[in-house]
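Coordinate inspection notes
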Amino acid sequence: MMIFVNGDQREIAENSKVADLLTDLGLTGKKIAVELNKEILPFNQFASQVLQAGDQLEIVHAIGGGQSNLNDSFVIAGTTYHSRLLVGTGKYKDLEETRLAIEASGAEIVTVAIRRTNIGQNPGEPNLLDVISPDKYTILPNTAGCYTAEDAVRTCRLARELLGGHKLVKLEVLADQITLFPDVAETFVAAELLVKDGFDVMVYTNDDPIAAKRLEDIGCVAVMPLAAPIGSGLGIRNPYNILTIIENAKVPILVDAGVGTASDAAIAMELGCAGVLMNTAIAAAQNPILMASAMKKGIEAGREAYLAGRMPRKRFASASSPIDGLFF
């Protein structure tokens, strides 16, 4: 049967309860409030309240002061996000700087690499997930460092086990260690295997509109073309390809790799991207925490400019003041 959740239609099973819906949305245990058909539903009724066809629910949470007041969000794999900035966790000087920068960014989705765990060789070494809590952020395990489809699939399956059945992953299969460009052929293979295995795949690729569309057709929940080589900070080198990808897509398109500063992020958003994923641009800044704040503002400004619609470009000047009524 169909119900409405925060204005969007959603299909659920007959006799589902509010608690079942919250579990499906990944909101169990989160600080939220629920309104059912314009009436507040107390927390202690979540487990007993049976949903009916056509029910309308509003689910809200608190956000930090100063965030954009636009009622503007996007959806990845059925989950709604309000921050369009996704950030990585590598290259910081320590975990405290990592934590502070991520908080300053306002990000809700945080990427992590999957590596062999410390089994005693580094006594007392802290765990990243103790600092970046899965209760606060959507953890996005990635396949960084994988050069074959087989290694990427193995990494995702380990991540799913590590995170207790977590299905959302970032797929990247690299071609070589010099350019870190994607191996698109291997990426196609890995994407097909992961989608068949039940994963929700956000995929890193080049800025080729044909490759991007094929990855969407395979079943990836988001496609993430590079702006420039990973870690280069060169900004968007081919905005027209990115624009073509966006215009032909039915899934979120996020720029991944190559952003260097806040203006690069704003340009990506002005093109109509759903979001931007970055790591080095923040972590390698002289002041990563301040840069994280700048990136947040750049994302918001670019998105608002896109929604506002820029003025048309003109070849010649156009006076902003009227000439009627001049006294000379």
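A brief report on the enclosed structure follows. Everything quoted here is computed from the prediction, not taken from an experiment.

Cut-offs and rules
Residues numbered from 1 in each chain as written. Predicted model: local features only at pLDDT ≥ 70, side-chain atom pairs only at ≥ 80, totals over all residues. Heavy atoms only, no water. Buried < 20%, exposed > 50% of the residue type's maximum accessible area, 1.4 Å probe, protein only. Helix = DSSP H or I, 4+ residues; strand = E, 2+ residues; numbered from the N terminus. Pairing = 2+ DSSP bridges. Expected span 1.5 Å × (residues − 1). Axes fitted to C-alpha atoms, helices over the stretch in contact; angles between N-to-C directions. Salt bridge = Lys/Arg side-chain N within 4 Å of Asp/Glu carboxyl O.

Another point: the pairing of strand S12 (residues 200-205). Taken across its 6 residues, S12 has 6 buried, putting it largely inside the fold. In S12, alternate side chains face the same way, and those of Asp200, Met202 and Tyr204 on one face and Val201, Val203 and Thr205 on the other are all buried. The pairing of strand S11 (residues 168-171) with S12 spans 4 bridges and is parallel. Paired with Leu171 across the bridge in S12 is Val203.

Between its first and last C-alpha atoms helix H4 (residues 149-162) spans 20 Å; for 14 residues at 1.5 Å apiece the expected length is 20 Å, and the two agree. Following H4 by one or two positions, Gly164 adopts a phi angle in the positive range, close to 70°.

A sheet is described by the order of its strands in space; here 5 strands give the open sequence S2-S1-S5-S3-S4, paired in mixed fashion. Only two strands of the sheet have a single partner each, and these edge strands are strand S2 (8-11) and strand S4 (39-41). If you compare each strand with its neighbour and ignore which way they point, the axes differ by 35° on average. When strand S3 (residues 33-36) meets strand S5 (residues 56-60), the two strands line up antiparallel, connected through 4 bridges. When the bridges of S5 are listed, Val34 appears paired with Ile59.

Turning to the pattern of salt bridges, a few remarks are in order. Side chains that carry opposite charge are capable of pairing whenever their charged atoms lie near each other. According to the stated counting rule, one finds 9 salt bridges in the structure shown. Residue Lys170 pairs with Glu172 through a salt bridge whose shortest N-O separation is 2.9 Å. For the pair formed by Lys170 and Glu172, the shared burial category is buried. A residue is classified by how much of its surface remains accessible, and Lys170, at 5% relative accessible area, is buried.

Before going further, it helps to examine the pairing of S2. Summarising the sheet, strand S1 (residues 2-5) and S2 pair through 4 bridges and their orientation is antiparallel. Looking at the pairing, Phe4 lines up with Gln9 of S2.

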